[in-house]
Amino acid sequence: MKLIIDLLGTDLGPKEVVLGVIDSLKKTNLNFILVGPEKIARETIKEQNADINRFEFIDTNVYISNEEDPARTLRVKKDSSLVLGLNRLNEEGEGFLSGGSTGALLAGGLFITKRIGNIKRATLMAPIPNADGGITLLADTGAVVDTTPEMLSQFASLGSIVARDYLKKTNPKIYLLNVGTEEGKGDNRTKEAYKLIKENSNLNFVGNIEARDFLDGKADVIVADGFSGNVMLKATEGAYSFIFSELKSALTSSLKTKIGGALLKSSLTGFKDKYDYKKVGAAMLVGVNKPLFKAHGNSNRLAIEFAIYQAEKFLEGNIIESIKEEFIDKEK
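Residues numbered from 1 in each chain as written. Predicted model: local features only at pLDDT ≥ 70, side-chain atom pairs only at ≥ 80, totals over all residues. Heavy atoms only, no water.

Colleague: In this structure, what is going on with the overall build of the chain? I would like to understand it.
Modeller: When helices and strands are tallied, the chain shows 11 helices and 11 strands. Its C-alpha atoms give the chain principal-axis dimensions of about 70 × 60 × 35 Å. Taken across its 332 residues, the chain has 51% of its residues classed as buried. Residue pairs at least 24 apart in sequence account for 71% of intrachain contacts in the chain once pairs closer than 6 positions are excluded. (Helix = DSSP H or I, 4+ residues; strand = E, 2+ residues; numbered from the N terminus. Buried < 20%, exposed > 50% of the residue type's maximum accessible area, 1.4 Å probe, protein only. Contact = heavy atoms within 4.5 Å.)

Colleague: Sorry, what's going on with the pattern of salt bridges here?
Modeller: Where side chains of opposite charge bring their charged atoms close, a pairing between them can arise. Tallying each qualifying case throughout the model produces 15 salt bridges. Salt-bridge contacts for R88 lead to E56; the nearest nitrogen and oxygen are separated by 3.8 Å. Of the two residues, R88 is situated in helix 4 (residues 81-91) and E56 in strand 3 (residues 55-59); the sequence distance between them amounts to 32 residues. Salt bridges here are not isolated pairs; linked through shared partners, they connect K2, E56, R88 and E92. (Salt bridge = Lys/Arg side-chain N within 4 Å of Asp/Glu carboxyl O.)

Colleague: Please explain the sheet that holds strand 2 (residues 31-36) as it appears in this structure.
Modeller: Strand pairing within a sheet occurs via backbone hydrogen bonds; the two strands may be parallel or antiparallel. Read across the sheet, 11 strands follow the order 3-2-1-4-11-10-5-6-9-7-8 without closing on themselves; strand pairing throughout is mixed. Both outer strands of the open sheet, strand 3 and strand 8 (204-209), are each paired with one neighbouring strand and no more. Shown here is a sheet whose adjacent strand axes are inclined to one another by a mean of 25°, direction ignored. As paired strands, strand 2 and strand 3 are joined by 5 bridges and run parallel to one another. Directly across from L34, in strand 3, lies its bridge partner F57. Sitting on the sheet, helix 5 (residues 102-113) touches strand 4 (95-98), strand 5 (123-129), strand 10 (283-286) and strand 11 (292-294), and the angle it makes with strand 11 is about 175°. Strand contacts of helix 8 (residues 226-250): strand 5, strand 6 (135-139) and strand 7 (173-177), with the helix running at about 140° to strand 6, the strand carrying the most contacts. (Pairing = 2+ DSSP bridges. Axes fitted to C-alpha atoms, helices over the stretch in contact; angles between N-to-C directions.)

Colleague: Honestly, the pairing of strand 8 in this entry has me stumped. Any pointers?
Modeller: For a regular strand, side chains alternate in direction, first toward one face of the sheet and then toward the other. Where strand 7 and strand 8 come together, 5 bridges link them in parallel fashion. Each bridged residue has a counterpart across the sheet, and for I174 the counterpart in strand 8 is F205. With respect to chirality, the unit in which strand 7 leads through helix 7 (residues 188-199) into the neighbouring parallel strand 8 is right-handed. (Right-handed = clockwise from strand over helix to strand, strands pointing away.)

Colleague: Please clarify how the packing of helix 4 against helix 5 should be interpreted in this entry.
Modeller: Contact geometry for helix 4 and helix 5: axes closest at 10 Å, N-to-C directions at 35°. You can see that helix 4 and helix 5 cross each other, and the crossing is right-handed. Across from L82, V83, L86, N87 and N90 in helix 4, the residues of helix 5 making contact are A104, L105, G108, G109, I112 and T113. Each residue belonging to the contact of helix 4 with helix 5 can be placed in one class, and the counts come to 6 nonpolar, 5 polar and no charged. (Left-handed = near helix turned anticlockwise from the far one by under 90°. Nonpolar A, V, L, I, M, F, W, Y, C, P; charged D, E, K, R; others polar.)

Colleague: What's the story with a nonpolar patch on the surface in this structure? I'm lost.
Modeller: On the surface, a cluster of nonpolar side chains totalling about 280 Å² of accessible area is made up of V145, F227 and V231. Relative to the elements of secondary structure, V145 occurs in the loop between strand 6 and helix 6 (149-165). Residue V145 is classed as partly exposed on the basis of its relative accessible area, which comes to 40%. (Patch = residues over 30% accessible without salt bridge, like charges linked within 9 Å, V, L, I, M, F, W, Y side chains within 5 Å. Areas by Shrake-Rupley, 256 points an atom, 1.4 Å probe, with all protein chains shown as cover.)

Colleague: Looking at this structure, I do not really get the packing of helix 1 (residues 14-24) against helix 2 (residues 38-47). What am I missing?
Modeller: To describe two helices that pack against each other, one gives the angle between their axes and the distance between the axes. Where helix 1 meets helix 2, the axes come as close as 9 Å, and the angle between the chain directions of the two elements is 45°. Here helix 1 is positioned oblique relative to helix 2, judged by the angle of their axes. The way helix 1 lies across helix 2 gives a crossing that is right-handed. Across the interface between the two elements, P14, K15, V18, L19 and I22 from helix 1 touch I40, A41, T44, I45 and E47 from helix 2. (Parallel < 35°, antiparallel > 145°, perpendicular 65-115°, else oblique.)

Colleague: Whenever I open this one, the packing of aromatic side chains confuses me. Can you help?
Modeller: Aromatic ring pairs: the centre-centre distance and the angle between the two ring planes describe each pair. A complete count under the given rule lists 5 aromatic pairs for this structure. Ring geometry for Y166 against F314: centres 6.3 Å apart, planes inclined by 50°, an arrangement best described as tilted. With Y166 in the loop between helix 6 and strand 7 and F314 in helix 10 (residues 301-316), this residue pair connects regions lying 148 residues apart in the sequence. Judged by relative accessible area, which is 3%, F314 ranks as buried. Ring centres of F306 and Y309 lie 5.5 Å apart, and the angle between their planes is 75°; on these two criteria the pair is classed as edge-to-face. Note that F306 and Y309 are positioned in helix 10 at a spacing of 3 residues, about one turn of the helix. A connected cluster of aromatic rings, assembled from ring pairs, spans Y166, F293 and F314. One Lys or Arg, K313, reaches over the ring of Y166 and ends 4.9 Å from the middle of that ring. (Phe/Tyr/Trp six-rings, centres within 6.5 Å; stacked < 30°, edge-to-face > 60°. Lys NZ or Arg CZ within 6 Å of the ring centre and 35° of its normal.)

Colleague: Which parts of the structure should I look at to understand the side chain of T123?
Modeller: Inspection of the secondary structure puts T123 in strand 5. For T123, a relative accessible area of 0% gives the class buried. In this structure, T123 is in contact with A139, D140, A143, F155, L158, M284, L285 and V286, ignoring residues within four places of it in sequence.

Colleague: Help me understand helix 1 in this model?
Modeller: Given 3.6 residues per helical turn, the α-helix brings residues three or four places apart onto the same face. Most of helix 1 is tucked away: 9 of the 11 residues are buried. Along helix 1, the residues that are buried comprise P14, E16, V17, V18, L19, G20, V21, I22 and S24. Buried residues along helix 1 sit against strand 1 (2-6), strand 2, helix 2, strand 3 and helix 10.

Structure follows, in structure tokens:
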């Protein structure tokens, strides 16, 4: 299998992305098509004594920034790494990973890769580490801000398929993000979405969930509109960073706390690793004809490495085929 990697658009530059790809070589069976500055990629591969035979190259220095209008720029910058990579994906390759502009990737998924038939909108699904040591899927995290109840119902179905085939959950527990757990809570859209999801006999819909229970591990999939999901995701990431920073400051403030910190070091390291987004993987744009993966814009080589492991696991699950069977074949 081949995974196409966008080298451009990340904060740390193309070399850092290439290093992450190289770090993954010992544990992955994937081969790679690197889209970006070929000279930098080849030099980095040579420096690291990596197997050049596992790489192909598409040379470009053009990328789409976060400040540019995604849909317009896709048409103008046809030689950008994202457009070149997605066009190649339509010809060959099993998936595409980018840490560049989220908006451009979403637009590229819509206009180049295209949605699977009968799916109203694709969802950006993020894997979130939870208190049980597992993963909770959050759909949506920003692909669709203005959702309809039907879209939210489809997000639940897509999330259930991914949880089953990617997380290997036999009967994934689906929850709907809301301001309370009671069935009658929420605005009209959420109430209608609740009804539609509940009526779907193929789903193990448990009910509403509040944001404070987001990380406790009881949910396999949490369904949300893109605005609420994105806010909750970023708030969680910010709270994690703040709490760990405050703990570190408190445990290094005096000799006494430093001694206590030394005793707690292994536990704190385990806590940090458990909720470290760099080791969880990329978000997945689910509902388009090929798997697209979105890494953080500030991803370092470790984050790229683990995003590749997650992408490979997703590809091995043949999830796109399962989605097509659910949304296309069953409609015939």
